[in-house]
Every structure is written in C-alpha cells, then in structure tokens.
Amino acid sequence: MRIECPLCGSRDRREFYYSGHASALERPDPDSSAEVWDDYLHNRDNPAGLTEDLWHHEMGCSAWLVVQRDTVSHAVLAVRLAKGDQL
Amino acid sequence: MRVSGKGLIDRNTVLNFKFNGQPFQGFSGDTLASALLANDQRLVARSFKYHRPRGIMTAGSEEPNALVTVQRGKSQEPNTRATVQRLYEGLVAQPQNAWPSLKFDALGVNDLLSPFLVAGFYYKTFMWPRAFWERVYEPFIRHAAGLGALAEAYDHDLYEKAFAHCDVLIIGAGPSGLMAALTVARSGLDVILADENDRLGGRLLSEVEEVAGVAGHMWVDDALAELVGFANVRIMTNTTVTGAYDQGTYGALERVGHHLDMVPEGLPLESFWRITAKRAILCSGALERQIAFPDNDRPGIMTASGMRSYLNCYGVSPGQKIAVFGNNSDAHRTARDFAEAGVEVVAMIDSREGTSTQVDYPTYAGAEVVATSGRLGLKSISIRHNGGLKTIECDALGVSGGWNPSVHLTCHMNGRPVWDPSLASFLPKEDAIPGLVVAGAASGVMTTAGALAQGCQMAQSVAKDLGKRLMPSDLPHAEDRPYEIEPFWDVGGKGRAWLDFQNDVTTKDVKQAVQENFRSVEHMKRYTTQGMATDQGKNSNITALAVLADATGRGIPETGTTTFRPPYVPVAMAALGAGGQGKGFAPERFLTSDRATRALRAPMIEAGLWYRPSYFPKDGETHWRQSCDREVAMVRTAVGLCDVSTLGKIDIQGPDAVAFLDLLYTNSFASLKVGRVRYGLMLREDGHVMDDGTCARLSNSHYLMTTTTAAAGQVMRHMDFVHQALRPDLDVSFTSVTEHWAQFAVAGPQARALLNGILDRKISDKTMPYMGCGAVQLGGIEARLFRISFSGEHAYELAVPARYGDSLFRLLLAQAEALGGGPYGIEALNVLRLEKGFITHAEIHGRITAFDIGMGRMISDKKDCIGKSMAARSGLNGPERDQLVGLRPVGAVKKIIPGAHLFEPDAAPIRKNDQGYVTSMCYSPTAETVIAQAFLRDGRNRMGQAVKMVDHLSGVTTLCEVCNPVFFDPEGGRLRG
Amino acid sequence: MVELYATSASEAALPLKIGGVSVAEVATSLFLVAPFKGKFTQAATVLNTQMGLEWPAVHELKRMGGAYVLWFDHAHIAFMGAEPSVELARYAAVTDVSDACCIIDISGVSVRNVLARVTPLDVRAKSFNIGMTQRSMVMHMQASITCLGKSKFRVMVFRSMARTLVHDLTIAMESVAAREKKV
C-alpha cells in the first residue's frame, strides 16, 4: 500500500502510523454530554466503501494526514494535511 | 537420455552432481531435473500421502513432484523444485518423503491402505477417544505431515530485502513480455523486466517454430541484446513476481545464490524485492494441465509441453518410446518434435474425433488412455480406441489437457477470473489490479504471433497512459496456427486418477466430497486438500473443479474457482523476514556512557531499544542484590550517578507554548516561572493516564518537556496530533532533543558538593533551589542543570551536548568515587523510586486514571485539557476504583510478586473476590523489608488493613499490610535539603 | 576548571569502504528552524540577507559554500554547517540539535544500489537528484537523506543509533559489492 503524502509524495505504507477515523478531528466541547464524548471516542462506523482516516507520517515529515480511501477497492482517493493549508 | 543435436545446453562444460547418494553428470545450462532425466532417473520422489513413486512432471516452477533437498555447505534447503534448480558443479540433492530409500519406501504401505485414507480420513478417524488427541494422534499426524525437513541448525545464509521503483513492470520474458519490454524501452520510460528463469525467453526456448525467420532462442538473444543497450531497462532474472498489492506494489523473490555451491561472503541467497510500478504488464504465460485417468501419476508421465521443453531446450528425451495423450492441437507438437528428433513415437492419442494427421507415427483419434503399468516407472499404457482396448509399450507419456492462462496475480486483489468456453479456461478479469494489463498466453492469446502483437499493443497503451506516444513498431513474423481444444477432463474408470499430485487428491476424493455434501468449491478444497500443497493447485485446480462441476451437475462457471492468493511460488519465511535477522531486527540505542559502563562490567538490560546498566558489580559481589543494595545505600548516604539520557526531551517554543502545555497536561503551567521545573501529568482523551514527567521553563516562551523512556515516541506523536489536528491555530513549534543532550542524574546528600567540584560557577540552594533549573557551564561548555529527583534525595540532572557525554560521565564517576559514591543502575533506580513512592509505566499501564494514583486533584478545574471531560466520568472516580497503595509483608512469608492478585485475608482467592493486584516490588535496604506498589479496591481508605496476596502461578500466598506508597521521607525534607 | 573532550557519534566505526562505496562521518552543526505564525516572510528575509539563500521549499537543499539549508519536516528547515543568526530567532523557533544525529556521507558509483537495500524511497536519479532532500527510513530508523552529488548522499539518523546505521549499511554494502564481484 502507498499513500500520497501532500508534502513527500507517494510513500510506502511502512512510513505511516495508522490512527483510526478522521472524526477524531472533531473534538467536542469540554462540557458536552457523556454521550457526545462516548461517540467521539468509541463509536465508529465500519463502512464498506468510502472512509476517511488519520495517518501520521511518522517516518517521514511528521505530518498528520487525512486520507480518503475505499475500504473495498483499497483505492486511496485523496490525502490532505490535518492542519490545513497553513504552513 | 540425451538427444544429439538438440537443446541449448553447453555440451563442452560437464558438471558433476550427486542425487540420492549417486554421482551423475550433466551439462552447463541444465536444471537438476533435465540432468536427472538425461541420466534416465525417472523415479525422483515419493508422494506425500500414499508415498507413491513419482517422477518429474513439468519443466517449470509449477512442478508438483520433483521436490528435493539441496545441501549447500552446512545448510540444507528442503522443497527445492528440481525443475528450477540450475545445475552447478558439485551439487548434492536428496529425495524427500522416502524412508528408508526411494525405491523401497516403508510408508508406501499407505498406498495399500488407500481405500481407508480417503478424503476426510483425518477428520473422521482422529475424533475419539478424546484422550488420544494430544498423546497419540497429534504426534502421529506431525510425523506424517510436512514436506522435507529443515536443517535444524542456525541458518547462516543471508536473505536481503530491497526496494525498486519503475514506470512499467513487465512480469515474464516470453514472447509477449520481451515484445512489451522492447516497445516500452523505446519510449524512455523506466522498465523492469522480471522473469523467474535464469534464461529469458519463456516458451520460445522450448519450441522449434521460428520468429522473424530465425530460431526462437536466437530472436530472444537479439531482443536481449537490444534491451541491454537501454539505460532505462533493468532486467531481473531468477526473479519471480510473487504478489500484486495495493497502489502498484509488487513482491518479487530473486534467487541470487541458489546456483552457487559456496555463496560468497556478503552475497544473499535470496533477495525479496518490493517493486513499485506505475503500470505493470503481466506476461506470465500459461501452464499446461493434466487429464485424469487411472494411475496417471507414474514416473514417466508428464506434461506434453514439459516433455517438449526437455527435448528442445535441454536436448533430453525422458524416454525411448514416447506416447502423447491430449485433447488439443498443441499436444501434437510434442509428438512431431520427438519424431523429428529421431526419438521413437509410439502413439499420438487425441481424445477428439477426426484429428488424425498424415504423420509417420501411429495416431489415435477419439481415443483415451484408460490404464498404465510400471511400478517405479511407466512401462505401458492401455488405450480405448474404436471401441476396443489396446496396450502400447512406452516409457514416457506426455499429457495435455489444455492450457490454463497464468491469471494468478490478477486474482491477488480479489479479482475473479472469467470462464472462456472456447479455450476451456479461465481468463483474467479486466482491471482486476489497478494499473495492470495482461498480454500473451496469460490473457488467452495462444499463438506466438498473437503474443508478440499483444505485448506490443499493451506496451503502447501503457506508455500512452504515462504520457508517451510511440511509433508503431514492426512485429516479427511468427507462427499463427490456431489453438484448438475440446474439453476433456476425466477418463473415468475404476482405478484411482490423480488430480493433485502433491496432496494425493484423486477424482474419487472430489466425488466423495460431493457425496458428503461438500459441494462448494471452497468446501471441496478444504475437505480433500485439493490445491493446498506448495504448488497451490497450479497443475490441478481447474481439472479438479471441472470434476466437481460434473459431479454436482453444475457448469464450470457456476462452480467458480477458489481464490489465488500471494505468493505465486513458495517463499521462504527467511526471505519474507529478510533484513530482520540478528541485529537487523530492531535498532539498538546506546548511551554516550555505554563504553565506560561496559568497562565497569555492568550487565546491560534492554529498555525499549535502549541498553541501560542493570547494576555495577564490585569485586566480591556475586549476586545482583548485593550490588543493588549497596548502590541504594550509596545514594542515600553519599552520592550516586546514573545516565538518564533515555528520557524523552522535547523542546517547545512559541508565544502559545504555555497554552499548548495547558492543553496537554492536567495541571496548569501558566504560573510556572522561568528557571523552574514542574511535574506534569498527561492523560489520553479517554481520561486515562498517558505519561508523566517534568517540564522546565527555560525562558519566556521556551520550555523543555521530559517524558518517560517508554512513552517518548507515543508522546511525540500525541503532541503532533494535538497541535496539527486539534489546535493548528496555536503558535508553537516543538522538536525532540532527546538525543542532543546526554543527561546524568546526580543524587544523594553529596550531590551539590560533587557538582560544585566541576561547575565553572558554584551553585547554592538559593541559585538552584528544589525544582529549579538553569544554564550552567563546565569548562566553558554550555550545559543545563535541573534540580529534580526520582530518588527522594537531594538530586540534580545535568545535561551536556551528547558529544561530551562520555567525557562527563567519566568525570562525574571520578568525582563521585572521591566522595564515597559511584554509579548506580536500573535496579537501584527502581528501588529508590519505590522507596519514595514514585510511579513508572508498571503503574500507569493504560487502565489507570489520575484518581487511581491519587492525583485527581492535579486535573485543574480552571482550564480544559486532553482527557479532562472523560476523566470526570462516573466509574472513574470512586471507591469502586483500584487505587495505588503501598504493601509490606507482615506474616511469615515475605515474598511479594508483581502481577499477583489481592484478596481479603479470609476470602477464597477466586476471581469474584479479587480486590486488586501488585504492580512493582523490591527489597528496600532502607526500610529493611520487601515493599511493593499495588492497586487495591478503595485502597486509600484501607491503610493499615491486611490483605492477602495470592500468586496463582507460583502458588505463593503472602499476608500484607496496606500502607502509604511513600516509604521514605514522606515529608520530602531530603529533596529540599 | 574541568576539561571535557568530545567524541563523535560513530566513535571508531567510521570511515568505512566496501567495494566501491565509502561512508564517512560528517562533523557539522545542525539547527532546526520553524518560523512563528505570520513571521515566515521576515524569517525568509533574514535568511536571504544573512546567507543569500532562498527559504528551501519542500525537498529542497540550498547551499552556499559549506553552509547548507534544507527542508526537514512539515514544520522545520535545518541549518547545517551554519548557525542561524540571533535575528532569525526573533521570527522563528531555533533549536540546536547539533549532537542529536549521526551524520554520514555515503558515496560511490553503486551508492543508489546500497540505499535501495535500506530505504523504501525511490532513489533513482530521476526521482532523487542533486539538491533534493527527503525524510524516510533507513531500515527501521527515522532518517533524513539528502542527495549531494550524482553518487553522494548525506544520511542522518539519531545519534544513539549510530552503530546500527553502520551495521545496516555494512550489510547492504557487502551485498552490493558481492554482486558486483560476481558479475
């Protein structure tokens, strides 16, 4: 498997650390209900098809990436920096 | 026997080799298989289950029978296919599955028992009595199972991993692969041409038909000469592409040293390549299949095309009287070539009606082979022809049931091949692997002319995809006779007809599976083990599923295929794990004090990837406890020295540094003054403790965080996440400086005296108070000093740039010894921290909250932090929690064992009575007793009570008193002194 | 006053030459620089005035004599053989990591074949040419790899792993040398 890092280009999967669904980007307000936090931390869909997840280019540029991919075809469709475009 | 005037071998170079203890000779260019056949060694192996005598069946990597063990120096390689083992001078090979000898095999008795050893035999037989499972059945099955044997010695061979990148990967260098390579090469794109043989050309080396007016192998030589001239072409011989993976990644096994008797130093035996290609062209050709007929497994019966390869490529005839049996036009070439070479052809048997041709050897149309004879090698065949039976003497029979395109790689990402009735074969599904196209016989194009044309065409389309426009190139003229076939799978009849030669699966087994309702192809496979041996059914799957389709009354497309998975050929575990041998397994991290430490004979212990000293033995000390106790006392009474550089150090800068720290840590850092250090606790977002450490404020917006050794990587990744993913608006940047600084703990009553002996400017309690920090100088070198303690003593950590680490350690050592102190290791460090009640990752093991370790109040109520919301959940903060306590033994038994569980003194030590568990223990020379840390249900309210520790593994029960985990200096006077 | 001596990261293990490939340790300063928010232009101007160098883009190496400035990671550039000015520190976080790495130069005609055995990077000349710098792995180690010449690369890994770096490169170099001898 290869991931197109927006900074480093196409790289071997072994350079990346996988870290679950991209919903982790949407941290709830501190005083949100326990249900909201529970959802944020623990509840995940298991889609057959499109999904977005987070990968850390740990052995490369150290950027956190949001990777859109297809769990059926394994196609990697789009990759963006989690921090956005600002450098 | 050798056939004069045939073959591409070098008859001037004679090679000596041994098989089964007997000396033989072959020629340069031979494989072990061709050399054995040249020496009339028809019997080369015994089958796996029935121990039936077996001979060489193919001329390629799909070989199911001729598995041998090759001895090379001290090592031996089992399951080497004689058909791909290039012959070298001095080669020594042994047959497998035969005891005591190849000709008389004791387990051949299995063959007589075969009526009982049918499909499902093991499942049905080894069921009862239950007591037999472990002591009788398993040893029996283990003895009978397995192909070949390992040397059972350390494998000294090197296996290498390597990476390659290209624009176009061409898999297979037969006519379509070579033509594709020539075409792409001219575009300037980077090409890798990989072929599993050491000589490229594929079937062109095995056929007599001409290409471009010259012999096939000569056209191959010309093509190679042109390819070698391209700087953008890389040719990888002896390289089998074993798997197709996501995003254009391919696995490939290169056999580097197998043809060498002694592999030179440094040269790997095999290299496992990860090839990344923008596009790939699969030119893997096709494999010929068998027809099932009674006793079709005798030595001397082989594929018709394999037979032709031995004749045309190696100048070998596998027999003196040749018969051929087929259901297609291609089989006739074998009879023709042998007749033309002057070998006697006794029969050309074609199952199709009306196919007799004008040739000067006997042909039988509409006929079939119904029986064979010859125990250790074929002697005769019986055929049914025109309603009668006829016995024909022959010692070699070539069989062709048609060709199966090698679609395997196209199935590696779940693509299902498509049935083609006109070819009676499965063809690759289009776009089954993104970026991969198929050309030549692998795509069902069965003529040389067609393969060349398609190779060229696919190359052009791939080049166009990659933005290169190519001029149409001239195609060499080549044979274009259509391939005609009428499906014919199973002759039927009474005797056993083999499908899978490796696992001894017969047509009967498949039919029986159907009778017992294992009708799905996947169930049949598992019930009969069809296709589950090392050839993975390459020779037999299609025929087997045709038999299955017939037995179930379904068509072949409805029956479907099992799934081809990587690897295409067997790959040694050593090759898959290549690079991971010995020190290649993981990096080793060494402290700057490593050499000095080892010179002091300190045993090293692995802490993650780091090597740290356990203890520093003095003369006369024979047990680690003696050294450890002495080192603890030394720190408590004088001064000790310990390399703590393994702690993670993260340099944090920026106007928002403090806001960032406040988000990471539970406690507030806004109030931390420049030149001061604070203990910090970090949670995961789910409210459990991630790590703890200290953070120093070096200047206004400049902090230095330390992490534990164990969590350094995790914390760095977490910080990257929090910053980039959650708060990219914060103006802060950070980087690891762990390795820039060599840092030493100097602990004990004499710590300040020691430092004042070496620092350029003396320190005092005023200039460097407890939890203070600042820049200092040693001999003019900038250093950092932190007054922090992990021992409970008056202590410092002194950091210098790592280049001075060795020098400073030796200096500190000399100073410490002058003050009655010395170095201490990890054992003493652990005792010191346990005496003081400090925690490590033995305690904060991932299921622990701040409340559990008595730090609930460290979660500031004035600000948010990672994990704060979830830490407040019910269930994480109350008497139902296991809380950190100290333990000491109070009964006769003094042993406390980490991992052991705690119970009420009178309760039965069973799960439902469980009250907690021990995490750490040591003998405390200061308290003169064993002490421990444990998590105990509502522990903080149980001080002074008794609990029972039970270790179910070692059977130890110890009565303990629950106490404050701080055993030493609970007021902390020593720290500030 | 005490006197401290310095030791190099590789200690006595380098230099090394196997077949046609050599490895030598490089003694150089190393600073990481990350501009503060909104201060990129000022920082780039300082770099330009101070050293006459453009701020390196992703994968870029800029050099002026013995001074190198190169892209380092998503946030940082690195100064090698040159010290960032005090003025730069007003606009950027500057961290001295001169002792954090084992820095080696590896060179020789077969250097790309050696690297192909230790890193998953595409090391073909057309993908990784002079003036390019990349972050990737050398075996299991995080590494910074920079192409300094047609057949010369600079490799940096953490200092504590210097022995492992030498070990891993030695095996790859021996393999390449043995193959070349075989041919």
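Residues numbered from 1 in each chain as written. Chains lettered and ligands numbered in written order. Predicted model: local features only at pLDDT ≥ 70, side-chain atom pairs only at ≥ 80, totals over all residues. Heavy atoms only, no water.

Draft legend 1. Examining the overall build of chain C more closely. Along chain C, the regular secondary structure elements total four helices and 11 strands. Taken over C-alpha atoms, the radius of gyration comes to 17 Å for chain C, in line with the 16 Å a tight globule of 183 residues would show. For the C-alpha atoms alone, the extent of chain C along its principal axes is close to 55 × 50 × 30 Å. Taking all 183 residues of chain C together, the buried fraction comes to 60%. Long-range contacts, defined here as pairs at least 24 residues apart, represent 61% of the contacts in chain C between residues at least 6 apart. The averaged location of the 15 negative side-chain charges in chain C is 10 Å from the averaged location of its 19 positive side-chain charges. (Helix = DSSP H or I, 4+ residues; strand = E, 2+ residues; numbered from the N terminus. Rg over C-alpha atoms; globule rule 2.2 N^0.38 Å. Buried < 20%, exposed > 50% of the residue type's maximum accessible area, 1.4 Å probe, protein only. Contact = heavy atoms within 4.5 Å. Lys, Arg positive; Asp, Glu negative; His and termini not counted. Charge placed at Lys NZ, Arg CZ, Asp CG, Glu CD.)

Draft legend 2. Representation of the overall build of chain A in the model. Looking only at helices and strands, one finds one helix and six strands in chain A. Written out in order from the N terminus, the α and β elements of chain A read β-β-β-α-β-β-β. With the principal axes as the frame, chain A shows a C-alpha extent of 40 × 35 × 20 Å. Counting the 87 residues in chain A, one finds 46% classified as buried. Approximately 4400 Å² of chain A is accessible, and the part contributed by carbon and sulfur atoms is 47%. Of note, chain A has its 9 positive side-chain charges centred 10 Å away from the centre of its 15 negative side-chain charges. (Areas by Shrake-Rupley, 256 points an atom, 1.4 Å probe, with all protein chains shown as cover.)

Draft legend 3. Representation of the interface of chain B and chain C. Taken together, the contacts link 66 residues of chain B with 45 residues of chain C. Between chain B and chain C, a total of about 4700 Å² is buried, with carbon and sulfur atoms accounting for 55% of that surface. Considering only the surface of chain B that becomes buried against chain C, His165, Glu739 and Arg803 of chain B emerge as the three largest contributors, covering 14% of it. Inspection of the region where chain B meets chain C yields nine salt bridges. A salt bridge links Arg179 of chain C to Glu160 of chain B; its shortest N-O distance comes to 3.2 Å. Where chain B meets chain C, there are 35 residue pairs in polar contact (both at pLDDT 80 or more). (Buried area = accessible area lost by both parts, 1.4 Å probe. Salt bridge = Lys/Arg side-chain N within 4 Å of Asp/Glu carboxyl O. Polar contact = N/O pair within 3.5 Å; in protein donor to acceptor, adjacent residues only side chain to side chain.)

Draft legend 4. Local environment of the pattern of salt bridges. All chains considered together, the criterion is met by 65 salt bridges over all chains. Salt-bridge contacts for Glu15 of chain A lead to Arg11 of chain A; the nearest nitrogen and oxygen are separated by 2.9 Å. Neither residue differs from the other here; Glu15 of chain A and Arg11 of chain A are each classed as buried. As a salt-bridge pair, Asp882 of chain B and Arg937 of chain B come within 2.9 Å of each other at their nearest N and O atoms. Here Asp882 of chain B is found in strand β45 (residues 882–889), whereas its partner Arg937 of chain B is found in strand β48 (residues 929–937), with 55 residues between them in sequence.

Draft legend 5. How the structure looks around the nonpolar core. Residue and element names in this part refer to chain B. Grouped together as the largest cluster of nonpolar side chains are 80 residues, with contacts concentrated most on Ile170, Trp219 and Ile281. Mapped onto the domain boundaries, this core takes at least three residues apiece from domain 1 (159–286 + 405–465) and domain 2 (288–402). Counting 37 residues, the second-largest nonpolar core is a separate cluster that includes Leu672, Met705, Leu730 and Met870. (Core = buried A, V, L, I, M, F, W, Y, C linked by side-chain atoms within 4.5 Å. Domains from an automatic or database assignment.)

Draft legend 6. Structural view of empty space enclosed by the protein. All chains considered together, the criterion is met by seven cavities of 30 Å³ or more. Forming the walls of the largest cavity are 19 residues, and the residues nearest its centre are Phe590, Leu591 and Thr592 of chain B together with Arg159 and Ser160 of chain C. Of all the secondary-structure elements, those providing two or more residues to the lining of the largest cavity are β40 (741–747) of chain B together with α4 (162–182) of chain C. Of the residues that constitute the lining of the largest cavity, the class distribution is eight nonpolar, six polar and five charged. (1 Å grid on protein atoms, 1.4 Å probe; cavity = no way out; pocket = protein on both sides within 12 Å on 5 of 7 lines; lining within 4 Å. Points joined across faces, edges and corners; volume = space filled by probe spheres on them. Nonpolar A, V, L, I, M, F, W, Y, C, P; charged D, E, K, R; others polar.)

Draft legend 7. Region of interest: the side chain of Ser807 of chain B. Structurally, Ser807 of chain B can be placed in helix α20 (residues 805–818). A residue is classified by how much of its surface remains accessible, and Ser807 of chain B, at 5% relative accessible area, is buried.

Draft legend 8. Focus on the environment of Asp765 of chain B. Residue and element names in this part refer to chain B. As for its position among the elements, Asp765 is in the loop between α19 (751–756) and β41 (773–778). Separated by 103 residues in the primary sequence, Asp765 and Asp662 place their C-alpha atoms 29 Å from one another. Excluding its chain neighbours within four sequence positions, the residues that come into contact with Asp765 are Arg752, Arg787, Arg976 and Gly977. Among the polar contacts listed, one links the side chain of Asp765 to the side chain of Arg752, at a separation of 3.4 Å.

Draft legend 9. Representation of the domain arrangement of chain C. Residue and element names in this part refer to chain C. In terms of domain boundaries, chain C breaks down into domain 1 (16–27 + 99–182) and domain 2 (30–96). Each of domain 1 and domain 2 has a C-alpha centre, and the two are 25 Å apart. Taken residue by residue, the interface counts 13 residues in domain 1 and 11 residues in domain 2. Regarding the contact of domain 1 and domain 2, the summed buried area is about 1000 Å², with carbon and sulfur atoms giving 66% of it. The tally of links between domain 1 and domain 2 comes to zero salt bridges. Put simply, domain 1 and domain 2 have three residue pairs in polar contact (both at pLDDT 80 or more) between them. Residue assignment for the side of domain 1 that touches domain 2 shows that the elements contributing at least two residues are β8 (101–107), β9 (133–138), β10 (141–149) and β11 (152–158). With four residues, β10 is the single largest residue contributor to the side of domain 1 that touches domain 2. Looking at side-chain class alone, the side of domain 1 that touches domain 2 contains six nonpolar, five polar and two charged residues.

Draft legend 10. Broad picture of the sheet that holds β11 of chain C. Residues and elements named next belong to chain C. The strand order across the open sheet formed by six strands is β1-β2-β8-β11-β10-β9, and the pairing between neighbours is antiparallel. Edge positions in the open sheet fall to β1 (16–18) and β9, since each of these has one partner strand only. On average, adjacent strands in this sheet sit at an angle of 25 degrees to one another, irrespective of strand direction. In this sheet, β10 lies alongside β9 in antiparallel orientation, the contact comprising six bridges. Following the sheet pairing, Val138 is matched in β10 by Met141. (Pairing = 2+ DSSP bridges. Axes fitted to C-alpha atoms, helices over the stretch in contact; angles between N-to-C directions.)

Draft legend 11. View of helix α18 (residues 712–726) of chain B. Residue and element names in this part refer to chain B. Relative to the 21 Å expected for 15 residues at 1.5 Å per residue, α18 spans 20 Å between its end C-alpha atoms, a close match to the ideal helical length. Of all 15 residues in α18, 12 are buried, a share of seventy percent or more. Among all positions in α18, only Val715, Met716, Arg717, His718, Met719, Asp720, Phe721, Val722, His723, Gln724, Ala725 and Leu726 are buried. (Expected span 1.5 Å × (residues − 1).)

Draft legend 12. Representation of the confidence of the model for chain C in the model. Averaged over every residue, the pLDDT of chain C is 95; the share at 70 or more is 99%. Among the prediction metrics, the complex's ipTM stands at 0.98, with pTM recorded as 0.94. (pLDDT = per-residue confidence, 0-100.)

Draft legend 13. Quick peek at the interface of chain A and chain C. With 14 residues of chain A at the interface, the matching set in chain C holds 15 residues. Carbon and sulfur atoms supply 55% of the area buried between chain A and chain C, which totals about 1200 Å² over both sides. Sorting the residues of chain A by area buried against chain C places Leu7, Arg11 and Met59 of chain A first, and these three jointly supply 40% of that buried surface. Where chain A meets chain C, there are zero salt bridges. Of the residues contributing to the side of chain A that touches chain C, the split by class is five nonpolar, three polar and six charged.

Draft legend 14. Just the sheet that holds β48 of chain B, in detail. Residues and elements named next belong to chain B. Strands sit in the order β45-β48-β47-β46-β49-β50 around a closed barrel of six strands; the barrel is antiparallel. On average, each strand axis in the sheet is tilted by 45 degrees relative to the strand beside it, whichever way the strands run. The sheet contact formed by β45 and β48 spans six bridges and is antiparallel. By the bridge assignment, Leu884 is partnered in β48 with Phe935.

Draft legend 15. Local environment of helix α5 (residues 175–185) of chain B. All names here are of chain B. Most of α5 is tucked away, with 11 of its 11 residues classed as buried. Those residues of α5 that fall on the buried side of the exposure criterion are Pro175, Ser176, Gly177, Leu178, Met179, Ala180, Ala181, Leu182, Thr183, Val184 and Ala185. Structurally, α5 contributes buried residues whose contacts are with β8 (159–171), β9 (191–194), α6 (216–228), β12 (233–236), β15 (270–282) and α9 (448–465).

Draft legend 16. Here's a closer look at the pairing of β9 of chain C. Counting buried positions along β9 of chain C gives six out of six residues, so the element sits mostly inside the fold. Between β9 of chain C and β10 of chain C, which follow one another and run antiparallel, lie two residues, and Met139 of chain C among them has a positive phi close to 50 degrees.

Draft legend 17. Up close: the state of the cysteines. Residue and element names in this part refer to chain B. Under the definition given, this model contains zero disulfides over all chains. Of all cysteine sulfurs in the structure, the one in Cys283 sits closest to Cys166, which takes part in no disulfide; the separation is 13 Å. Sulfur of Cys695: no disulfide; nearest cysteine sulfur belongs to Cys773 and is 9.3 Å away. Of the residues examined, Cys695 reaches a relative accessible area of 0% and is grouped as buried. (Disulfide = S-S within 2.5 Å.)

Draft legend 18. Representation of the packing of aromatic side chains in the model. All chains considered together, the criterion is met by 19 aromatic pairs over all chains. An angle of 15 degrees between the planes, with centres 5.3 Å apart, marks the rings of Phe660 of chain B and Phe734 of chain B as stacked. One end of the pair, Phe660 of chain B, is in helix α17 (residues 657–664); the other, Phe734 of chain B, is in strand β39 (residues 733–736), with 74 residues separating them in the sequence. The same class applies to Phe660 of chain B and to Phe734 of chain B, which are both buried. When the ring of Phe128 of chain C is compared with that of Phe153 of chain C, the centres are 5.2 Å apart and the planes differ by 75 degrees; the resulting orientation is edge-to-face. Of the two residues, Phe128 of chain C sits in the loop between α3 (111–115) and β9 while Phe153 of chain C sits in strand β11, which places them 25 residues apart along the sequence. Taken as a pair, Phe128 of chain C and Phe153 of chain C share a single burial class, namely buried. The structure contains a cluster of three or more aromatic residues connected by ring pairs, namely Phe293, Phe325 and Phe488 of chain B. Sitting above the plane of the Tyr17 of chain A ring, Arg717 of chain B keeps its charged end 3.6 Å from the centroid. Stacked on the ring of Tyr68 of chain C, the Lys or Arg Arg154 of chain C has its end atom at 5.0 Å from the ring centre. (Phe/Tyr/Trp six-rings, centres within 6.5 Å; stacked < 30°, edge-to-face > 60°. Lys NZ or Arg CZ within 6 Å of the ring centre and 35° of its normal.)

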